[in-house]
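What follows is the residue order along each chain.
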Amino acid sequence: MQPEFAPADIAAAPDTGRGRMPQPADADTARTRTAQLAAGTAPLLGPPQVAATADAIEACQQPDGLILWFDGGHADPWNHVEGAMALASAGRRDTAERAYKWLQANQHPAGSWHNYYTAHGVEDPKVDTNCCAYIAVGVWHHWLVTGDRGFAASMWPTVRRALDFVVGLRTASGHIPWAVHADGTPWPYALLTGSSSIVHSLRCGLALAELMGVSRPAWARVLARTELQIRHRPDGFEPKDRWAMDWYYPVLCGALDGAQARSHLAAGAPKFLLGDYGVRCVADQSWVTGAETCECALAYLRTGDVATARRLVEAASAMRNADGTYYTGWVVPQRRTFPDAERSSYTAAAVLLATDAIDHRTTAATALIASPQR
């Protein structure tokens, strides 16, 4: 999940991308539809391309396992986990597990991690709740890739503390605040995108709990309450409807499904899909980002619309460089990179995970587009 920032000097996007609304497919499940199409189409990335992009992510990994956004930049726990998942999907098990060991070593006793880290330590001490919860998705994904129950068991205490911390922050209304100040004071509101991500994290956490032979009923209650809030009371979250993530994340996490999910994506498509360039980060800006384009592709995959998902990932592939790196985003139609020439590990990771979901390279191909099978 990308942070919410955008270039201040981009003019409103042209209308050339509007009106090209995808027609959702009528597949019953993401698993069935993606498996069918993967069998009859060329892979989006071949093995040499996957390896090159995994190399690019590893180049951002520090000796202690931390995966920076780019060399000399910072890292956050959510994108760090995404990088670990992408490495596992590319067969880089050792470096993926080194990333998880970093999370174990740097978890606060309460179960949290700070917002931003550099190679030298904490950069921003604030705590983002959905970033803390996301380790459950990563560990569940790693279990699906490797089948290593021992590794899952070694990570279980870390996952348990993280989700207990997040669930313990719920307010009287049932919402989970999006962040906690360094002094421990929760922020006064919840975010739709972050809460949607927490929904998927809780599902994966409950699947891991079952794998470990334990019960976490408090997690299940918070999961059910948060799903209902997303589905029926989206106005209870801080308004962020200019941002593409607030559009597709309720579908990506599965809180909206079936006909409701397809209708929701169709309603937002004219606002956020910018022709063949991909997904606008912000509705009134012509800045397209590779990571959000791939995340949105996963949301379409979850509804069974493989054609639109594939088209979006192909749009993101235009940001690929010869060395396997990916630009973070660009302004269209000029295709001027923004941030200037930035090549981010989390964009590369999003591409690897989205292409795995379509190409079915691994046994975790559907980890982000279907609820865990417990």
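Check the entry above for the structure.
The rules behind each value
- Every chain begins its residue count from 1, and numbering advances along the sequence as written.
- Two thresholds apply to this predicted model, a pLDDT of at least 70 for residue-level local features and 80 or more for giving and counting side-chain atom pairs, whereas whole-chain, interface and lining totals are computed over all residues.
- The side-chain quantities take in all heavy atoms of the structure and omit both hydrogens and water.
- One bridge is not enough; two strands pair if DSSP finds at least two bridges between them.
- The way it works is that DSSP assigns letters per residue, a run of H or I at least four long becomes a helix, a run of E at least two long becomes a strand, and they are numbered from the N terminus.
- When a carboxyl oxygen of Asp or Glu is within 4 Å of a side-chain nitrogen of Lys or Arg, the pair counts as a salt bridge.
- Burial classification: accessible surface area is computed with a 1.4 Å probe over protein chains only, and a residue below 20% of its type maximum counts as buried, one above 50% as exposed, and the rest as partly exposed.

Chemist: I tried to follow the sheet that holds strand β7 (residues 287-289) on my own but got confused; where do I start?
Modeler: Sheets are built from strands paired through backbone hydrogen bonds, the pairs being either parallel or antiparallel. In spatial order, the strands read β7-β8-β9; together these three strands make up an open sheet with antiparallel pairing. Unpaired on one side and paired on the other, β7 and β9 (336-337) mark the two borders of the sheet. Here strand β8 (residues 329-331) runs beside β9; their pairing, made up of two bridges, is antiparallel. The residue of β9 that forms the bridge with Val331 is Arg336.

Chemist: Got a minute to help me understand the pattern of salt bridges in this structure?
Modeler: Pairing is possible between side chains that carry opposite charge, provided their charged atoms lie close to one another. Considering all chains together, one arrives at 12 salt bridges under this definition. Measuring nitrogen to oxygen at the nearest pair gives 3.1 Å for the salt bridge that ties Lys126 to Asp124. For the pair Lys126 and Asp124, a shared accessibility class is recorded, and that class is buried. The partner of Asp276 in a salt bridge is Arg311, with the nearest N and O atoms 4.0 Å apart. With Asp276 in the loop between β5 (273-274) and β6 (278-279) and Arg311 in helix α13 (residues 306-317), this residue pair connects regions lying 35 residues apart in the sequence. On the basis of relative accessibility, which here comes to 45%, the residue Asp276 falls in the partly exposed class. A relative accessible area of 29% means that Arg311 is categorised as partly exposed. Overlapping salt bridges, with partners in common, bring together Asp55, Glu58 and Arg92 in one network.

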